[in-house]
Each structure stands twice: as structure tokens, then as C-alpha cells.
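Listed here are the chains, written in short residue letters.
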Amino acid sequence: MQEHEKYMQRCLELAALGIGNVSTNPMVGAVIVHDEKIIGEGYHHKYGEAHAEVNAINQVISNFSDSAELLNQSTLYVSLEPCAHYGKTPPCADLIIKHKIPRVVIGCRDPFDAVNGKGIEKLTEAGSNVTVGVLEKECQWLNRRFFTRVQKHRPYVILKWAQTRDGFFAPSDHTQVWITGPESRRLVHQWRGEEDAVLVGKTTAAMDDPQLSVRYAKGRHPKRVVIDRKLELNKNLNIFDQSIETLVFNEILTEIDGKIKYIALEDFDRYVPQYILYQLYLQDIQSLIIEGGAHTLNSFIEAGLWDEARIFTGPDDLENGIRSPEINGMTEGEFFIGTDKLLILLSR
């Protein structure tokens, strides 16, 4: 089992390279081992393109003239159950069977209905020796966004905010004050590139005029989401610059204007977080960072609709202003980012 874990850990390292590029698919890594040596490996690079198992098998075929014989004597490690259905690509289980790979070690089952257990069943029926559950929790954690979307029919929700040492979110007059240092700001931009969308409320959009981009990091820009109940925001704000797909939740209008999509909710007096998350699910948004303001963050906390909270605490005091949100969760980790402290919580 320890040997299995070594190769599964490599699968996880490979799979993580696909973050920000494969949604709404899961991140998957695969390794092919022959005589205790890795002879092929691959991961899912981009949504709609070849899966990890395909890339690993193709690497063996490209590098070895006797690839058929090698594959027939190898073990395939993969972090998620191979698919058994036709989607954007053919079933990976069929490819494994075609190349007569005798042993398959799987990190965790795929909860998607078209796959769940069917890939394992197909491999077993074809005579493969299948082992399931190696580093299972680690494999599930890696794909927590995918699992949340499939099982809960909503995006994986990350709350992010910065607070002063004495617990304030912003000045009362909404003037802009930098609470954190440049290292934290660069990290936030990196995070944006890893998720499908970033959401702010009307006040944050109006006062901070954020671009909600990844300009201080590498990666693709997330979709932008803003809550503007009465459509009062100035159209000259950065979020309306038509550079990135932007969703505006309101109570008045449902229409598309270039890359701006206005979505009217049924009821703006209750269940707003629930309505928004379900609409984002329908838009194939698998993960969401909520960056403010305090009222918006509190509404999702009160509804119990969050999975992870990333809270920066800067080194300075504000003495008065808007109080930071209050939240309870399991501590996942505490880190120092420059002069700032980062606390990561998970919902219970």
C-alpha cells in the first residue's frame, strides 16, 4: 500500500497542474508504472481536451517501440475513477481495456452519475485488477470544487476578506484603505486565476471600482459577478468594461449586453444567496470567490452557504469602522504572508 501511495501522490501533483483550466471537469493525474519505474504520466490540461489517462498512455506509446508489451505488464495509477461514458472525449475505461493494462489503482470514485462506479465496473468485468481508495481523502480534497457542484448543485464557495488587527473591515465612510501588503494582494490574484468566478456586492463595486482580474499573477481572468438590486451602478465602472464575462444579479432586468449578462432574481427579500448560487450552477460555474463587502459576505455566512474562508489580518489597527464578518469553522491552517496573517477555515 505504501508503494501505491507514492505513485498516487505523483498523480495528485500532476492533477493540480490543471487548476483553473479544466472546470467544469475535475482535475486528474495519471501515472503508468512498469517494474517499479514510471514509464508514462499525464494530467488533464484543459476542459474538452484529452484526459489524464489518455496523455499518460500516449506518452508511453511515443517513447517506447515496445509500448504494447509494456502496457500489458504495467499498473495504471489515476487520482479519479476513469470515465465510462462519451462526453467531450471517449471513455477512458475503454482505452485502458483496449491497451490491456492489467492493474488499475484509483484514488477515489467519481460522484458524477454517468461515471459513479461504472468505470470501476467496466474495468473489473474486462479482467483488470482494480484497487480503489488509495489516498482517497487527498484525492477528494483536490477535487472539492467538482464534488460540491455534482453533489450539492452549486459552486464551491470561498469567502475572502481582509481585516485590521482590531477586527475592522473598512472605514465607516467606505474610503479605500489598504489593510494588507503587496504579498497578500498578489496571492489573491493567484487565487482568482484558480476559480471560475469572483463576486462582490454593489457597495464594493461602487467604492473600490475593482477590476477583479489576475493582473498581478498568471492565469485566466475569472468571470465577474456583482449584486446590484436596482441597477444603480455607474456603467463606467471597470466591471462593465466588456473585457470579461460579467453577471449582474438584480430584480429588474434579464438580458444580455455583449459580455454583460443581467439576471433578475425571483425574490430579492429572501433566499438571495441560494438563488445566486443556483443560477451560477446553471451557468456552469464550479467555484466562486466572494470578496465583499461585509453585508454580502455576512449574507452567505448566515445562509450557511460557504465551504472555505480565507481571512487576512493586517498589522495595523483602524479603531473604528465597519466590523469584519464573524464566522465559525474548522481551522485548516494559519500562515504569514509578508506582514499579514492568513487564516483558512473550512465549514463544519
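Below is a summary of the structure that appears in this document. (Residues numbered from 1 in each chain as written. Predicted model: local features only at pLDDT ≥ 70, side-chain atom pairs only at ≥ 80, totals over all residues. Heavy atoms only, no water.)

### Some remarks on the state of the cysteines
Part 1: Within this structure, the stated rule accounts for zero disulfides.
Part 2: Unpaired in this structure, cysteine 11 has its nearest cysteine sulfur neighbour in cysteine 139, at a distance of 7.6 Å.
Part 3: No disulfide involves cysteine 83; its sulfur sits 3.8 Å from that of cysteine 92, the nearest cysteine. (Disulfide = S-S within 2.5 Å.)

### Looking at the pairing of strand β13 (residues 287–290)
Part 1: Of the two faces of β13, the one lined by Ser287 and Ile289 and the one lined by Leu288 and Ile290 are each fully buried.
Part 2: Strand direction decides the pairing type here: strand β8 (residues 197–201) and β13, joined by three bridges, are parallel. Counterpart to valine 198 in the pairing with β13 is isoleucine 289. (Buried < 20%, exposed > 50% of the residue type's maximum accessible area, 1.4 Å probe, protein only. Helix = DSSP H or I, 4+ residues; strand = E, 2+ residues; numbered from the N terminus. Pairing = 2+ DSSP bridges.)

### With respect to the sheet that holds strand β4 (residues 103–108)
Part 1: Here we have five strands laid out as an open sheet, ordered β2-β1-β3-β4-β5, and mixed in their pairing. The strands lining the two open edges of the sheet, one partner per strand, are β2 (37–43) and β5 (129–132). Within this sheet the neighbouring strands show an average axis-to-axis angle of 15 degrees, counted without direction.
Part 2: Pairing geometry for strand β3 (residues 75–80) and β4, over five bridges, is parallel. Paired with valine 78 across the two strands is isoleucine 106, which belongs to β4.
Part 3: The strands touched by helix α5 (residues 118–125) within the sheet are β4 and β5, with β5 carrying the most contacts at an inclination of about 150 degrees. (Axes fitted to C-alpha atoms, helices over the stretch in contact; angles between N-to-C directions. Contact = heavy atoms within 4.5 Å.)

### Here's the deal with the sheet that holds strand β9 (residues 223–227)
Part 1: A sheet is described by the order of its strands in space; here 10 strands give the open sequence β11-β12-β10-β9-β8-β13-β6-β14-β17-β16, paired in mixed fashion. Each edge of the sheet is formed by a strand with only one pairing partner; in this case those strands are β11 (255–257) and β16 (330–337). Within the sheet, the average angular offset between the axes of one strand and its neighbour, ignoring direction, is 20 degrees.
Part 2: Seen against the sheet, helix α10 (residues 272–282) touches β6 (156–163), β8, β9, β10 (246–250), β12 (260–264) and β13 and runs at an angle of roughly 145 degrees to β10.
Part 3: Across the face of the sheet, helix α11 (residues 294–302) comes into contact with β6, β8, β9 and β13 while running at roughly 135 degrees to β6.

### Brief notes about α5
Part 1: Every buried residue of α5 is listed here: Gly119, Ile120 and Leu123. Projection of α5 onto a plane perpendicular to its axis shows the buried side chains occupying an angular sector of 100 degrees, all on one side.
Part 2: Those residues of α5 hidden inside the fold are in contact with α4 (92–98), β4 and β5.
Part 3: Immediately downstream of α5, the backbone of glycine 127 shows phi near 100 degrees, a positive value. (Arc of directions from axis to C-beta.)

### Quick notes on unusual backbone geometry
Part 1: Note the cis peptide between serine 23 and threonine 24, where omega equals 10 degrees.
Part 2: Structurally, the position occupied by threonine 24 is in the loop between α1 (2–15) and β1 (29–34).
Part 3: Following glycine 292, the chain continues into glycine 293 via a peptide bond in cis, with omega recorded as 0 degrees.
Part 4: In the Ramachandran plot, leucine 135 falls in the positive-phi region, its phi being about 50 degrees despite a non-glycine side chain.
Part 5: Here leucine 135 shows up in the loop between β5 and α6 (136–142).
Part 6: Taking relative accessible area as the criterion, leucine 135 reaches 15% and is therefore assigned buried.
Part 7: Even without being a glycine, aspartate 284 presents a positive backbone phi close to 60 degrees.
Part 8: You can see aspartate 284 is positioned in the loop between α10 and β13.
Part 9: When its relative accessible area of 43% is taken as the criterion, aspartate 284 is described as partly exposed.

### Structural notes on the pattern of salt bridges
Part 1: Under the criterion given, the structure shown has 22 salt bridges.
Part 2: Here lysine 160 ties to glutamate 291 by a salt bridge, and the two come within 3.8 Å at their closest N and O atoms. Here lysine 160, found in strand β6, pairs with glutamate 291, found in the loop between β13 and α11; they are 131 residues apart in sequence, far enough to count as distant. In terms of burial, lysine 160 and glutamate 291 fall into one category: buried.
Part 3: In this structure, arginine 224 engages aspartate 241 in a salt bridge whose closest nitrogen and oxygen atoms are separated by 2.8 Å. In this pair, arginine 224 is assigned in strand β9 and aspartate 241 in the loop between β9 and β10, connecting sequence segments 17 residues apart.
Part 4: The class of arginine 224 is buried, set by a relative accessible area of 1%. (Salt bridge = Lys/Arg side-chain N within 4 Å of Asp/Glu carboxyl O.)

### Topic: the packing of aromatic side chains
Two measures describe an aromatic ring pair: the distance that separates the ring centres and the angle between the ring planes.
Part 1: Summed over the entire model, instances satisfying the criterion amount to four aromatic pairs.
Part 2: Here the aromatic rings of phenylalanine 146 and phenylalanine 147 are separated by 6.2 Å at their centres, their planes lie at 75 degrees, and the arrangement is edge-to-face. Each member of the pair, phenylalanine 146 together with phenylalanine 147, is buried.
Part 3: The side chain of arginine 310 reaches across the aromatic face of tryptophan 191, ending 4.6 Å from its centre. (Phe/Tyr/Trp six-rings, centres within 6.5 Å; stacked < 30°, edge-to-face > 60°. Lys NZ or Arg CZ within 6 Å of the ring centre and 35° of its normal.)

### Observations concerning the nonpolar core
Part 1: One finds Met8, Val31, Ile32, Leu76 and Tyr77 to be the most contacted residues of the largest nonpolar core, which totals 46 residues.
Part 2: Those residues in contact with isoleucine 32 that sit more than four places away from it in its chain are Lys37, Ile38, Ile39, Gly40, Ala56, Ile57, Val60, Leu71, Ser74, Thr75 and Leu76.
Part 3: Leu288, Ile290, Ile301 and Ile327 belong to the second largest nonpolar core, which has 31 residues in total. (Core = buried A, V, L, I, M, F, W, Y, C linked by side-chain atoms within 4.5 Å.)

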